[in-house]
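Okay, here's what each chain looks like letter by letter:
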Amino acid sequence: NAGVTQTPKFQVLKTGQSMTLQCAQDMNHNSMYWYRQDPGMGLRLIYYSASEGTTDKGEVPNGYNVSRLNKREFSLRLESAAPSQTSVYFCASSDSGLAGVVDEQFFGPGTRLTVL
Amino acid sequence: ELKVEQNPLFLSMQEGKNYTIYCNYSTTSDRLYWYRQDPGKSLESLFVLLSNGAVKQEGRLMASLDTKARLSTLHITAAVHDLSATYFCAVDLETQGGSEKLVFGKGTKLTVNP
């Protein structure tokens, strides 16, 4: 099992450009998440998806959109990138929280995004 | 709004010494997680603490949870260089529809010196 995979690993954009970060998991998890990590800030939740077809805002959703394409894939889109979106982006997934199941989140390797 | 505070944010210690990292949080929660992150890498799950009084140990690390005090500790025993990393605690803000909304502390950067 590959676990959680993300593409691309690195990306440089110019202000105003758009791009989509891709995330896929092969653990049959229902829930998926997008975080950003900035120096000294820990991780902050951007959006999450409890199940296929549903998405909800996290702590810092402005400037982002998401799509839960199917159970495996959860993408994050920047429509008009800004320098403030320079960050490392992590995707994560977890089990659905059934009784007796621990909702530990498993993280992907991250995408380092720089917006000039 | 749930706030999660870790102390200290930076920790430099000698090999063989003991130390404790603290994680305080501001609202009721009974689920707390500890993660480790090496430089330039992803987050690796260390411990999942699901109830008051929970204690878990793995090698030189031991984590505990006191939900009444809203406090978790990560204790390091006889530190070795391989433990150098950044450690994050994360608290479950709420569980909705099977998903968890985690709020992370800012992390404790641990450096273990020979």
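Heads up: the structure comes first, above all this text.
Residues numbered from 1 in each chain as written. Chains lettered and ligands numbered in written order. Predicted model: local features only at pLDDT ≥ 70, side-chain atom pairs only at ≥ 80, totals over all residues. Heavy atoms only, no water.

### Comments concerning the overall build of chain B
Here's step 1: Helices and strands together make up the secondary structure of chain B, namely zero helices and eleven strands.
Here's step 2: Each helix and strand of chain B, placed in order from N terminus to C terminus, yields the pattern β-β-β-β-β-β-β-β-β-β-β.
Here's step 3: Computed over C-alpha atoms, the radius of gyration of chain B comes to 14 Å, within 12% of the 13 Å expected from 2.2 N^0.38 for 114 residues, which places it in the range of a compact globule.
Here's step 4: Judged by the C-alpha coordinates and their principal axes, chain B covers about 45 × 30 × 20 Å.
Here's step 5: Expressed as a percentage of the 114 residues in chain B, the buried residues total 46%. (Helix = DSSP H or I, 4+ residues; strand = E, 2+ residues; numbered from the N terminus. Rg over C-alpha atoms; globule rule 2.2 N^0.38 Å. Buried < 20%, exposed > 50% of the residue type's maximum accessible area, 1.4 Å probe, protein only.)

### What to know about the packing of aromatic side chains
Here's step 1: Taken as a whole and judged by the stated rule, the model has nine aromatic pairs over all chains.
Here's step 2: Ring centres of A:Y33 and A:Y48 lie 6.4 Å apart, and the angle between their planes is 20 degrees; on these two criteria the pair is classed as stacked. Highlighted residues: A:Y33 in strand β4 (residues 31-37) and A:Y48 in strand β5 (residues 43-49), separated in sequence by 15 residues.
Here's step 3: Each ring, one from A:Y64 and one from A:Y89, has its centre 5.9 Å from the other, and the planes form 65 degrees; the classification is edge-to-face. Here A:Y64 is found in strand β7 (residues 64-68), whereas its partner A:Y89 is found in strand β9 (residues 87-94), with 25 residues between them in sequence.
Here's step 4: Clustering of aromatic rings is evident, with ring pairs tying together A:Y33, A:Y35, A:Y48, A:F107, B:Y35, B:F88 and B:F104. (Phe/Tyr/Trp six-rings, centres within 6.5 Å; stacked < 30°, edge-to-face > 60°.)

### Overview of the sheet that holds strand β3 (residues 19-25) of chain A
All names here are of chain A.
Here's step 1: The four strands are arranged β1-β3-β8-β7 in an open sheet whose pairing can be described as antiparallel. Strands at the two margins of the open sheet, each flanked by one partner only, are β1 (4-7) and β7. Strand-to-strand twist of the sheet, defined as the mean angle between neighbouring strand axes without regard to direction, takes the value 20 degrees.
Here's step 2: In the sheet, β7 pairs with strand β8 (residues 74-78) via five bridges, with the strands oriented antiparallel. (Pairing = 2+ DSSP bridges. Axes fitted to C-alpha atoms, helices over the stretch in contact; angles between N-to-C directions.)

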